[in-house]
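Per-entry structural report
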Amino acid sequence: MNQTLRRLREGGGSRASANDDGRNGLMSVNIHEHMQRETSKSKTSKQRRNGNGKRDFLRAGFALISIVVISIFAGYNLNNNMYHKTDRESPGNHHQNLSHKNLKSPPLKKASYGLDLDDNKTKHSVDNKKQEQVRQCAFRTSPPHRYYYSDPTHKLPGFLADSTYIRGIAPTILDADPAKKICIDQPWEKERFDGRLPFSDGFNPSLLAVHAPHPMIDLYGKEAARSMMFLAFLRFSGSSCSYRDDNEMKEKFNISSHSFPGVRNVITILDSNFEWVDQSPILVELDADFGIDGGEQGWWGGTLTKMERLSYEGKYKFAHVARFLEDIKAFVHQGEVWISYLGQDYGYNGNLVLNKVHFDVAPWDRSRIFIYIKASEAIVICCGRNVAFFSDVDDKLKGVSWVDPLTVQVIEPGTRLASKNENSSEIHGTSDKMVHLPSSSELLGIAHFHRPKHKHTPCSEDEKQETCNHAEYGHHYTHVLYTISDKAPHFLRRVSNEFMLPLHDTEKKNNAHIIQYASGLSIIGNTLVISYGINDCEPAIIQLPVAKLETLLLDDLPRGTEVRDLMYNLEPN
């Protein structure tokens, strides 16, 4: 059989250098030629035809079976090796020269869905009118009921007109540079691509500026060490890209007709121009038990036990598993990257979990990043969310747990976050961290309102709510910037009036999306960067000069002033 296999492999000569499909086809031709040769030889002797001919026929049959088995095995290994690579394909190849700083990066592949972002051509049979919308990095357009002002005259519906606002002033559109969408590849959407947009592009990005830590320098070049890079922590879960849209509306706005593809977290590596460099899921290393009693059970979750398992050729002693970490907020403490999150393994009953983030070169692809947290390092605090973290002058970790009344707490194992004050306004903390303004000894944060007031019951549980045509939960978001003193005792210093984040569409410059969630805040040089989610569907950033803060943040408030003291009804027109 070995001689037969050798003859089969050598029979193709130089023609065997074709692609895999051609090579497989060539093998079939060689087997056929071999059978013909054996048949012609058998004609010289009836005995040989009955004896040696039969044996040669069986040898050829065994050879064919062996080739099929080898091909199947090779294909399995190829697919298995590609599992991790596919999850990190680039959303485009037009960013191969990543920035003016020439960050070195792995070669970026073609976008998902067969799009060539250089010439805007598509390999799929997609209507020309939809080609721009299908582009991975382009902003979406939404049906009219997903915008703040659905009335062309900007007349406010009753639930907005009757609300209170900071200083009694109606929200304005923030004057900022054009919004930029955060690109991401979605291999899980490729198999079901139908010419429409994905189910979701991720949302509520927590953006963290970092000087490239190891192994980023090894992966992306020495220039990465001399420039700023960004980590964008994105959430994929039940989205609001579509809300009560009929089939006609979905077709008009190119909205996915598919169902929810499952929950996941993705960390995107961006260069100094916020262009895609790499991406990775965030895994949990089970070097200890992960979760608590009462965590969600069944397929959705459940407490995981410590699991020793040599993985990736013995590099790691413990298993790494994917878990859904909801509402991730990223911050830096004592020179390390940390995240806070709500977890399926922690019961969704208000437990907030903190973990240090670890970075490594991916064992399955030495050109990619590998990001994980350790179960042994999880810190659980009770009970809340939307905490803005910062390190104080003594390097203690603190967090703004409530903006109204301003509540700052030391964060450590066993911390119990303060409960909501019944007399507070409806302002909610938003940003992942507080940003230091050293020139004025302040910490800067961002917070939001959503209206109508006290809308916490989902419409699926109470259809009689007057605003269920807008969103399942809160909507008509507005934001405020605020500062607190950077040293204890912390108190409210300055508060802006309410604003909305601008649309990317300049033709609708006086409008905004009804769901905007500013989840990240950073200052890079002289630029303020706000990362946010749009309609629980898209991730984006806006930038504005730090100098504009002086016009947005009004004069110092009398000490002891709280946000509720600033809330007034709108003046009648």
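Placed above this text is the structure.
Residues numbered from 1 in each chain as written. Predicted model: local features only at pLDDT ≥ 70, side-chain atom pairs only at ≥ 80, totals over all residues. Heavy atoms only, no water.

Regarding the packing of aromatic side chains
What counts, and what does not: Any two of the Phe, Tyr and Trp rings considered here, Trp counted by its six-membered ring, make a pair once their centres fall within 6.5 Å; the pair's planes then place it as stacked at under 30 degrees, edge-to-face at over 60, or tilted in between. Only DSSP runs of H or I with at least four residues qualify as helices, and only runs of E with at least two residues qualify as strands; both kinds are numbered from the N terminus onward. In this scheme, a residue with accessible area under 20% of its type's maximum is buried, one over 50% is exposed, and one in between is partly exposed, where area comes from a 1.4 Å probe on protein chains only. Charge-over-ring contacts are defined here by two conditions on Lys NZ or Arg CZ: a distance within 6 Å of the ring centre and an angle within 35 degrees of the ring normal.
Evaluation of the coordinates by the stated rule reveals 9 aromatic pairs. Plain terms: the ring middles of Phe 331 and Phe 389 are 4.4 Å apart, the flat faces sit at 20° to each other, and that makes the pair stacked. Of this pair, Phe 331 sits in strand β14 (residues 325–333) while Phe 389 is found in strand β19 (residues 388–391), placing the two residues 58 residues apart along the sequence. Here Phe 331 and Phe 389 have matching classes, each one buried. The structure contains a cluster of three or more aromatic residues connected by ring pairs, namely Tyr 316, Trp 364, Phe 370 and Tyr 372. Directly above the aromatic system of Trp 188 lies the positively charged group of Arg 264, at a separation of 4.1 Å from the ring centroid.

Some points on the sheet that holds β19
Two orientations exist for strands paired in a sheet by backbone hydrogen bonds: parallel and antiparallel. Note the threshold: The criterion for strand pairing is that DSSP finds at least two bridges linking the strands in question. Orientation is described by lines fitted to C-alpha atoms, with helices fitted over the stretch in contact, and by angles between N-to-C directions that extend from 0 to 180 degrees.
With antiparallel pairing, the 3 strands of this open sheet are ordered in space as β19-β20-β21. Edge strands, defined here as strands with exactly one partner in the open sheet, are β19 and β21 (407–410). On average, adjacent strands in this sheet sit at an angle of 30° to one another, irrespective of strand direction.

Comments concerning the environment of Ala 319
Our working rule: In what follows, residue pairs with any heavy atoms lying within 4.5 Å of each other are defined as contacts.
Within the secondary structure layout, Ala 319 lies in the loop between β12 (316–318) and β13 (320–322). Given the relative accessible area of 0%, Ala 319 is considered buried. It is 5.2 Å that separates the C-alpha atoms of Ala 319 and Arg 309, two residues lying 10 residues apart in sequence. Each residue touching Ala 319, except ones within four places of it in the same chain, is listed here: Val 284, Glu 285, Leu 286, Met 307 and Arg 309.

Things to note about the sheet that holds strand β5 (residues 180–181)
Read from one edge of the open sheet, 4 strands run β5-β30-β29-β28, paired in antiparallel fashion. A single partner strand is all that each edge strand has here, and the edge strands are β5 and β28 (516–524). Taken together, the 8 bridges between strand β29 (residues 527–534) and strand β30 (residues 538–545) define a ladder with antiparallel strand orientation. Looking at the pairing, Gly 533 lines up with Pro 539 of β30.

Concerning the pattern of salt bridges
Cut-off, in case you're wondering: Here, a salt bridge means any Lys or Arg side-chain nitrogen found within 4 Å of an Asp or Glu carboxyl oxygen.
Summed over the entire model, instances satisfying the criterion amount to 20 salt bridges. For the salt bridge of Glu 538 with Lys 181, the shortest nitrogen-to-oxygen distance reads 2.9 Å. You can see Glu 538 sitting in strand β30 and its partner Lys 181 sitting in strand β5, a full 357 residues away along the chain. Lys 181 carries the same exposure label as Glu 538, and that label is buried. Note that Lys 190 and Asp 185 form a salt bridge whose closest N and O atoms lie 3.9 Å from each other. The exposure class of Lys 190 is partly exposed, given its relative accessible area of 24%. Note on Asp 185: relative accessible area 0%, which makes it buried. The network of salt bridges with common partners includes Glu 442, Arg 493, Arg 494, Glu 550 and Asp 556.

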